[in-house]
Amino acid sequence: MPITEFLERNAREWPNDVALVEINPEVGAKRLTTWKEYNLIEAPTTGPYRQEITWRVFDEKANRTANALIARGVNKGEKVGILLMNCLDWLPIYFGILKAGAIAVPLNYRYSSDEIDYCVNLADVEVLIFGPEFIGRVEEIVDRLSRGRLLFYVGANCPSFAESLAQETINHSSQAPDVEVSDDDLAAIYFSSGTTGFPKAILHKHSALVHSALAEQNHHSQKKDDAFLCIPPLYHTGAKMHWFGSLVSGSRGIILRGIQPEQILRAASDEKCTIVWLLVPWAQDILDALDSGRLRKEDFDLDAWRLMHIGAQPVPPSLIKHWLDYFPNHEYDTNYGLSESLGPGCVHLGVENIEKVGAIGVPGYGWETKIVESSEDSAASGSCADLSDTHAAPRKEVPRGEVGELAVRGPAVMIEYYKDPAATAEVLSSDGWLYTGDMAKQDEDGFIYLVDRKKDVIITGGENIYPVQIEDFLHEMEAIKDAAVIGLPDKRLGEISAAIIEIKDGYSCTEEDVRDFCKKLPRYKRPVKIIFADVPRNATGKIEKPKLREEYGGAFIVAAETEIE
């Protein structure tokens, strides 16, 4: 069945139960708009801003959106882009696109105008739905975007170059459209995170969405009385697919437009949230606020909170150990997934495996994993496929305990990189394995540990350095809030390691302090260069290492005294 049937079931069985809540703690800083039932209204300019919709209204909004798109000529299989900040309308619009038989194409809200133009063209988007935060960016490229495309605007004061989606949908039926959608139909295009260059368009079927929903509910046991606090951007597979557990169970989802520690804890307290998914920086910020006394746990009612889980990036074990000092009764899980595997955990730790913190876990519900030779090693051993092949070459598994590339196989592996057969052939094997590009190893119990991205491995004097291992080590230093390790060019060794270190508020730390702390590491693993600066992360919490390499790697660094042990 398609994912839309869960929504329709919830509207039938629990029509008056709250489905979604939107909270914006900073509403006083700007005027917001939303749909109240079916009428466009302006929210008050003084907080707190809180709106909610029931499952019935959610489903009817989706139906009206679908019928409006169909009436304007959107056919089954055509693509509709979504360029919105997290808001109460995001998911009804997404489901409306799916109910119309169209393909939803969520866009990163950090994209520049040129990136928006690039992705819209790459994905063959026919209709773009955008919000007030993007008026300027869309206007810059409107001459290109409007050629043969519909532009729908979500909000008050619709710009002259677009049409109001709210006004359009009001005039259409709230009944489901007569469009047959099956598991095998194409459902969505998601874009890669773009940390390695221009994003790729990742194509998925409805069956992948359904499996992601079932996997999430299997991993975290959502029930009807759960309440999920959703903070990460909904354009990303992780946030939406974790919310899918709420969709399956018919429970509340709370969309929080704020990432400050007090905002997160206040929302969890006021809404009696039971599940909160955090990114590493947000979890660290909460711990820093509690450590410093800026926030007190006793000032919040957090008794309902049962599960804290983290995904989207490696998690320092020291962070989780410290988290459990404050919240000893919390279950904890970490989830590993890719947009190519549609989240929300083709590998996951499992709440019962807290003693394995540091691992990304074991194969998730319905998934298989193996650790294989990297593509370079496979080529060297003569197992490389002919370049005309449309699939990646088969690769040998490495012995347990050795580092190799993580491969996954399961029902939510992408169909392809849309319009990019060469890139597809690099990562998809003929028997369904997806080569992730992540280097990993497996312990004697079968738990997988992420070592690093293949492209981020530093080779210094012939030795491989895996930055995540050094980053985890640096996180154990009390004064360090965040750390990123990158390779910089070196005339003698090829590359040397550089640590970009962000210090916690109220702490002091010198280069000598860091070097003394790193004496516990083998010499070749010790960062050669120490840089004190903010660590940039993208909207999904991943360190933006290309940006760091560009900023700090422009000139060769001679490290004549560096030796390899």
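The shown structure was predicted, so the numbers you read here are calculated from the model rather than taken from an experiment. Residue positions are given per chain, counted from 1 along the sequence in the order it is written. Totals for whole chains, interfaces and linings use all residues, but because this is a predicted model, local features are given only for residues with pLDDT of at least 70 and pairs of side-chain atoms are given and counted only at 80 or more. For side-chain calculations, the full set of non-hydrogen atoms in the structure is used, while hydrogens and water are omitted.

Colleague: I'm lost on the overall build of the protein chain in this one. Help?
Modeller: The way it works is that DSSP assigns letters per residue, a run of H or I at least four long becomes a helix, a run of E at least two long becomes a strand, and they are numbered from the N terminus. Broken down by element type, the protein chain carries 17 helices and 28 strands. Here the protein chain holds 565 residues, and 58% of them are scored as buried. Two residues form a contact once any of their heavy atoms are found within 4.5 Å. The long-range share in the protein chain, meaning contacts at least 24 apart out of those at least 6 apart in sequence, stands at 71%. Burial classification: accessible surface area is computed with a 1.4 Å probe over protein chains only, and a residue below 20% of its type maximum counts as buried, one above 50% as exposed, and the rest as partly exposed.

Colleague: So what exactly am I meant to see when it comes to the nonpolar core here?
Modeller: Within soluble globular proteins, side chains that are nonpolar generally end up buried alongside one another. Throughout, nonpolar core names a set of buried Ala, Val, Leu, Ile, Met, Phe, Trp, Tyr and Cys residues whose side chains join them through atoms within 4.5 Å. By size, the foremost hydrophobic cluster in this structure holds 142 residues, and its most contacted members are Phe 95 and Leu 278. In contact with Phe 95, not counting residues within four places along its chain, are Ile 3, Thr 4, Leu 7, Phe 58, Ala 62, Trp 243, Phe 244 and Leu 247. Counting residues in hydrophobic clusters, the runner-up holds 19 residues, among them Leu 474, Val 485, Ile 501 and Leu 521.

Colleague: Quick question: what am I supposed to make of the environment of Leu 186 here?
Modeller: Residue placement: Leu 186 occurs in strand S10 (residues 186-191). Taking the C-alpha atoms as reference points, Leu 186 and Ala 208, separated by 22 residues in sequence, lie 9.6 Å from one another. Residues within four places of Leu 186 in sequence aside, it is in contact with Ala 102, Ile 103, Leu 203, His 204, Lys 205, His 206 and Ile 415.

Colleague: I would appreciate a short explanation of the confidence of the model for the protein chain in the present structure.
Modeller: Regions with low pLDDT carry predicted coordinates that are not meant to be interpreted in detail. Residues at a pLDDT of 70 or more form 88% of the protein chain, whose mean pLDDT is 87. The model gives residues 382-388 a pLDDT under 50, and that stretch makes 8 contacts with residues more than four places away or in other chains. pLDDT: the predictor's confidence for each residue, scored from 0 to 100. Confidence over residues 555-565 falls short of pLDDT 50; this stretch has 30 contacts with residues more than four positions distant or in other chains.

Colleague: In this structure, what is going on with helix H12 (residues 317-326)? I would like to understand it.
Modeller: What sets the pattern is the α-helix's 3.6 residues per turn: residues three or four places apart point alike. Of all the positions in H12, only Leu 319, Ile 320 and Trp 323 are classed as buried. Each buried residue of H12 sits inside an arc of 95° when the element is viewed along its axis, so together they form one side. Turned more than 90 degrees away from the buried face of H12 sit Lys 321 and Asp 325, all of them exposed. Buried residues along H12 sit in contact with strand S14 (275-278), helix H11 (280-292), strand S15 (307-311) and strand S16 (331-336). Taking the helix axis as origin, the arc is that swept by the directions to the C-beta atoms.

Colleague: What am I meant to see in the sheet that holds S16 here?
Modeller: Whether parallel or antiparallel, the strands of a sheet pair through hydrogen bonds between backbone atoms. Pairing is mixed in the open sheet, where 9 strands are placed in the order S4-S1-S13-S12-S14-S15-S16-S17-S18. Every other strand in the sheet has two partners, leaving strand S4 (49-54) and strand S18 (362-363) as the edge strands with one partner each. The criterion for strand pairing is that DSSP finds at least two bridges linking the strands in question. Bridging between S15 and S16 involves 5 bridges; their strand directions are parallel. The partner of Leu 307 across the bridge, within S16, is Glu 331. Every angle, taken between N-to-C directions, lies between 0 and 180 degrees, and every axis is a line fitted to C-alpha atoms, over only the stretch in contact when it is a helix. Each of S14, S15 and S16 is contacted by H12, which is oriented at about 165° to S15, the strand it contacts most.

Colleague: Sorry if this is basic, but what is going on with the pairing of strand S12 (residues 227-230) here?
Modeller: Regular strands show a simple pattern: their side chains alternate between the two faces of the sheet. Residues Ala 227 and Leu 229 line one face of S12 and the alternating positions Phe 228 and Cys 230 line the opposite face, and both faces are buried. Note: S12 against strand S13 (residues 252-256), 4 bridges, orientation parallel. Looking at S13, one finds that Leu 229 is bridged to Ile 254. The handedness of a crossover follows from its direction of travel: if, with the strands pointing away from the viewer, the path from the first strand over the helix to the second runs clockwise, the crossover is right-handed. Handedness of the crossover is the feature at issue here: the chain leaves S12, passes through helix H9 (residues 237-249), returns alongside S13, and the resulting connection is right-handed. As judged from the 2 bridges shared by S12 and S14, these two strands associate in the parallel manner. Paired with Leu 229 across the strands is Val 276, a residue of S14.

Colleague: What am I meant to see in H11 here?
Modeller: In this model, H11 (13 residues) spans 18 Å end to end at C-alpha, consistent with the 18 Å of a helix rising 1.5 Å per residue. Buried residues dominate H11, accounting for 10 of its 13 residues. For H11, the complete set of buried residues consists of Val 280, Trp 282, Ala 283, Gln 284, Asp 285, Ile 286, Leu 287, Asp 288, Ala 289 and Leu 290. Tucked into the core, H11 has its buried residues touching helix H10 (261-270), S14, S15, H12 and strand S26 (480-490). One or two positions beyond H11, positive phi appears at Gly 293, with a value near 85°. Residue count minus one, scaled by 1.5 Å, sets the expected span of a helix.

Colleague: It is not clear to me how the side chain of Arg 395 should be interpreted in this structure. Could you clarify?
Modeller: Within the secondary structure layout, Arg 395 lies in the loop between helix H13 (375-380) and strand S20 (404-409). Residue classification places Arg 395 among the buried residues on the basis of a relative accessible area of 12%. Within 3.5 Å is the distance limit for a polar contact, defined as a pair of N or O atoms, with the added protein rule that one can donate a hydrogen and the other accept it, and that residues adjacent in sequence qualify only through two side-chain atoms. Polar side-chain contacts of Arg 395 include one of 3.3 Å to the backbone oxygen of Glu 373.

Colleague: Can you help me understand the pattern of salt bridges in this one?
Modeller: A side chain of one charge can pair with a side chain of the opposite charge when the charged atoms of the two come close. Counted as salt bridges are all cases of a side-chain nitrogen of Lys or Arg within 4 Å of a carboxyl oxygen of Asp or Glu. Overall, the coordinates contain 34 salt bridges when judged by the stated rule. Between Glu 8 and Lys 99 there is a salt bridge, with its nearest N and O atoms 2.8 Å apart. Here Lys 99 lies in helix H3 (residues 90-99) and Glu 8 lies in helix H1 (residues 4-13), a separation of 91 residues in the sequence. Since its relative accessible area comes to 24%, Glu 8 is described here as partly exposed. On the basis of relative accessible area, Lys 99 is assigned to the buried category, the value being 4%. A salt bridge links Lys 545 to Glu 471, with the nearest nitrogen and oxygen atoms 2.8 Å apart. Note that Lys 545 is positioned in helix H17 (residues 545-552) and Glu 471 in helix H15 (residues 467-475), a separation of 74 residues in sequence. You can call Glu 471 buried: its relative accessible area is 6%. The network of salt bridges with shared partners includes Arg 50, Glu 52, Arg 252 and Glu 271.

Colleague: Even after reading the chapter, I still don't get unusual backbone geometry, so can you show me in this structure?
Modeller: With the exception of glycine, most residues fall at negative phi, and the peptide bonds are largely trans. Positive phi is not limited to glycine here, since Asn 157 has a value of about 60°. In this fold, Asn 157 is placed in the loop between strand S8 (150-153) and strand S9 (163-164). The exposure class assigned to Asn 157 is exposed, which follows from its relative accessible area of 66%. Positive phi values are uncommon outside glycine, yet Lys 419 reaches one of about 60°. With respect to the helices, strands and loops of the structure, Lys 419 is situated in the loop between strand S21 (416-417) and helix H14 (421-427).

Colleague: Help me understand the packing of aromatic side chains, please; the structure alone is not making it clear to me.
Modeller: Each aromatic ring pair is described using two quantities: the centre-to-centre distance and the angle formed by the ring planes. Classification of ring pairs rests on two measures: the distance between centres of Phe, Tyr or Trp rings, Trp counted by its six-membered ring, which must be within 6.5 Å, and the angle between planes, read as stacked under 30 degrees, edge-to-face over 60 and tilted in between. Taken as a whole and judged by the stated rule, the model has 15 aromatic pairs. Each ring, one from Tyr 109 and one from Tyr 235, has its centre 5.3 Å from the other, and the planes form 85°; the classification is edge-to-face. Of this pair, Tyr 109 sits in the loop between strand S6 (103-106) and helix H4 (113-122) while Tyr 235 is found in the loop between S12 and H9, placing the two residues 126 residues apart along the sequence. Neither Tyr 109 nor Tyr 235 differs from the other in exposure class; each is buried. Here a set of aromatic residues connected by ring pairs shows up, and it is made of Trp 55, Phe 58, Trp 90, Tyr 94, Phe 95, Trp 243 and Phe 244. Residue placement shows Arg 395 over the ring face of Tyr 435; its charged tip is 3.8 Å from the ring centre. Lysine NZ or arginine CZ positioned within 6 Å of the ring centre and within 35 degrees of the ring normal marks a charge as sitting over the ring.

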